[in-house]
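# Observations on chain architecture
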Amino acid sequence: KAADPESDKWKDEVLKACKQLLLQTATSDSLVRLKKTAINEREQKDLMEVYFCLQQHSCLYDFVDAELQGEKTQFVQITTHDTLPSSVQYEELGRKLKVKFFPFFLQEFDTEAEFTGKICSTILEARGKAPLILAIQCDALLTDGGLIACARHLTCDTVKKLKEEECLLAQVHALYIIRIPRRHINSTFNGFQAKPWISFHIDYLCPQKDEARVTKQMIEDSSLAMVFKMNSRRLCNIIPDALSM
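Before going into details, it helps to say that this report is about the structure given with it.

### Some thoughts on a nonpolar patch on the surface
- On the surface, a nonpolar cluster with roughly 260 Å² of combined accessible area is contributed by Leu21, Leu22 and Phe192.
- Take Leu21: it is sitting in helix H1 (residues 9-23).
- Residue classification places Leu21 among the partly exposed positions, given a relative accessible area of 42%.

In structure tokens form, the structure reads like this:
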């Protein structure tokens, strides 16, 4: 039902939708900092409920299972602090989800033609045996933001062109995974993308044990320092960034 233009209800709905889109790209530790903002306590709890209960930020498996199992082609950009997955990890993940991952690093390619050629050949050789996910990876510290933006554009155009030419022999999704540092850097990389792209942040791509997983209750009860101390593995990932400052 269309919103009534005479009321402010539609404005509230649009504002809520925009907040949820931005929340998709938030880091878990940023939820701790809500306590230091002017946002009222009720809205803080609502935002945490959406982040931890409705959105998929826990691991890559949960995200793919929830968001990339439909028939519609999806274009997704995920930022993470974690180590980028290996081919072996993708194979294991694919077996569990009954999809086929085709991972490659953006830095492998020297030209646009080489990059688009790889996408085309990968899709055409899939032969419809299973839904396939083009997993394109890079590190934001090592890759120019303009190059990432160009690659996204080429990926979208190439997949759409193959679809229009009825060359897609399997369900195809494009998944960009970009590793970003915790500390601020001067970069042209943009973590938020508009349609047709879906932007998300997943701190750690691999499933965490219960005692290491950041939860809504942990965020509500702990300081930012305590959240970091609860997971020694996460501290190991933070230390290299800190030493390079």
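Having seen the model, we can carry on.
### Remarks on the sheet that holds strand S5 (residues 197-201)
- Ordered in space as S2-S3-S4-S1-S5, the 5 strands form an open sheet in which the pairing is parallel. The open sheet is flanked by strand S2 (100-105) and S5, the only strands paired with a single partner. Each neighbouring strand pair of the sheet contributes to a mean axis angle of 20°, computed without reference to strand direction.
- Relative to strand S3 (residues 132-139), S2 runs parallel, the two being bridged by 6 bridges. Its bridge partner being in S3, Pro103 is matched across the sheet by Ala135.
- Contacts between helix H5 (residues 87-97) and the sheet are confined to S2, S3 and strand S4 (172-179), with S2 contributing the most and set at about 160° to the helix.

### Remarks on the environment of His57
- Along the polypeptide, His57 turns up in the loop between helix H3 (41-54) and helix H4 (60-67).
- In sequence terms His57 and Ala26 are 31 residues apart; their C-alpha atoms lie 9.3 Å from each other.
- Setting aside chain neighbours within four positions, we find His57 in contact with Leu23, Gln24, Ala26, Tyr51, Phe200, His201, Ile202 and Asp203.
- A distance of 2.7 Å separates the side chain of His57 from the backbone oxygen of His201, its partner in a polar contact.

### Some points on the pattern of salt bridges
- A complete count under the given rule lists 6 salt bridges for this structure.
- Here Glu43 makes a salt bridge to Lys19, at a shortest N to O gap of 2.4 Å. A residue pair is termed long-range when its members are at least 10 positions apart, and Glu43 in helix H3 and Lys19 in helix H1 qualify at 24 residues.

### Focus: the pairing of S4
- Of all 8 residues making up S4, 8 are buried, and the element is well covered by its neighbours.
- In S4, alternate side chains face the same way, and those of Val172, Ala174, Tyr176 and Ile178 on one face and His173, Leu175, Ile177 and Arg179 on the other are all buried.
- Two strands pair when backbone bridges link them, and strand S1 (residues 75-80) and S4 are joined in this way by 6 bridges, in the parallel orientation. Across the sheet, residue Thr80 finds its bridge partner in S4, namely Arg179.
- Strand direction decides the pairing type here: S3 and S4, joined by 8 bridges, are parallel. Across the sheet, residue Ile133 finds its bridge partner in S4, namely His173.

Rules used in this analysis
Residues numbered from 1 in each chain as written. Predicted model: local features only at pLDDT ≥ 70, side-chain atom pairs only at ≥ 80, totals over all residues. Heavy atoms only, no water. Patch = residues over 30% accessible without salt bridge, like charges linked within 9 Å, V, L, I, M, F, W, Y side chains within 5 Å. Areas by Shrake-Rupley, 256 points an atom, 1.4 Å probe, with all protein chains shown as cover. Salt bridge = Lys/Arg side-chain N within 4 Å of Asp/Glu carboxyl O. Helix = DSSP H or I, 4+ residues; strand = E, 2+ residues; numbered from the N terminus. Buried < 20%, exposed > 50% of the residue type's maximum accessible area, 1.4 Å probe, protein only. Pairing = 2+ DSSP bridges. Axes fitted to C-alpha atoms, helices over the stretch in contact; angles between N-to-C directions. Contact = heavy atoms within 4.5 Å. Polar contact = N/O pair within 3.5 Å; in protein donor to acceptor, adjacent residues only side chain to side chain.

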